[in-house]
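The lines below spell out each chain.
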Amino acid sequence: MDKNTSYPLHIPQSYPFLLIDRILQASEHHILTERSVSEGDLLTASGSYLLENMAQSASALLGFRYHDAPPDLLYLAEIRSARICCCPSPGDSVRTDVSISLAVGGFARVSCHSLIRKTSCGDWSPVGDAELTLAFRYSGK
């Protein structure tokens, strides 16, 4: 169930490392984010861009799910079965779908799937997926 229709972005990253523009959908177990890739974006020439986008999307999901705030501490603890088949270019859009498969204590395992819409066509194409484990902590503020 969605908490509301305007989704604040609760993640610790900021410019120039922020790789999410907006949250399209959010619930306690799922989030859909989008990013319009620009010239100044870091890491666009590597698969690291999509992995970082996935991790930030997962972080946004944790912020939405737990406290409507970014975690005090967040680490990407494990990358499992990552597959990246192409990198975004400036002008492309990236959509990332993240679902929590397991959340125990300060750990969450998430499944991530990314799509890219190239500037040359209007279709969304799958470009990567990964299973990530995040370690996080909230102070309870």
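Residues numbered from 1 in each chain as written. Predicted model: local features only at pLDDT ≥ 70, side-chain atom pairs only at ≥ 80, totals over all residues. Heavy atoms only, no water.

Novice: Which residues make up the nonpolar core, and what values do they have?
Specialist: Core analysis: the biggest nonpolar cluster contains 22 residues, and Ile31, Ala60, Leu62, Val98, Val110, Cys112 and Leu132 have the highest contact counts within it. Every element with two or more residues in this core is listed here: strand E1 (22-26), helix H1 (48-67), strand E4 (93-104), strand E5 (107-117) and strand E6 (124-137). Top contributing element to this core by residue count: H1, with seven residues. Look past the residues within four positions of Ala60 in its chain and what remains in contact with it is Leu9, His10, Ile11, Ile20, Ile23 and Ile31. (Core = buried A, V, L, I, M, F, W, Y, C linked by side-chain atoms within 4.5 Å. Buried < 20%, exposed > 50% of the residue type's maximum accessible area, 1.4 Å probe, protein only. Helix = DSSP H or I, 4+ residues; strand = E, 2+ residues; numbered from the N terminus. Contact = heavy atoms within 4.5 Å.)

Novice: Describe the pairing of E6, naming the residues involved and giving the relevant values.
Specialist: Across nine bridges, strand E3 (residues 73-84) lies against E6 in antiparallel orientation. Opposite Ile84, over in E6, you have Gly128 as the bridge partner. Linking E5 back to E6 in an antiparallel pair, the connection comprises six residues. (Pairing = 2+ DSSP bridges.)

Novice: With reference to specific residues and values, describe the environment of Ser89.
Specialist: If you trace the backbone, Ser89 turns up in the loop between E3 and E4. You can call Ser89 partly exposed: its relative accessible area is 32%. For Ser89, the residues in contact, after removing those within four places along its chain, are Val37 and Lys118.

Novice: Report on the sheet that holds E3, specifying residues and quantitative values.
Specialist: As a general point, the strands of a sheet are linked pairwise by backbone hydrogen bonds and lie either parallel or antiparallel. Pairing in this open sheet of six strands is antiparallel, and the strands run E1-E2-E4-E5-E6-E3 from one edge to the other. Looking at strand neighbours, the two that pair on one side only are E1 and E3, the edges of this open sheet. Each adjacent strand pair in this sheet contributes to an overall mean axis angle of 25°, direction not counted. Note that E4 and E5 share 11 bridges and pair antiparallel. From the neighbouring strand, Ser93 faces E5, where its bridge partner is Arg117. (Axes fitted to C-alpha atoms, helices over the stretch in contact; angles between N-to-C directions.)

Novice: Can you explain the pattern of salt bridges? Please cite residues and give values.
Specialist: Going through the model one piece at a time under the given rule, you end up with nine salt bridges. One salt bridge in this structure joins Arg22 and Asp21, with 3.8 Å as the shortest N-O distance. When the shortest N-O distance is used, the salt bridge between Glu34 and Arg95 registers 2.4 Å. Here Glu34 is found in strand E2 (residues 30-36), whereas its partner Arg95 is found in strand E4, with 61 residues between them in sequence. (Salt bridge = Lys/Arg side-chain N within 4 Å of Asp/Glu carboxyl O.)

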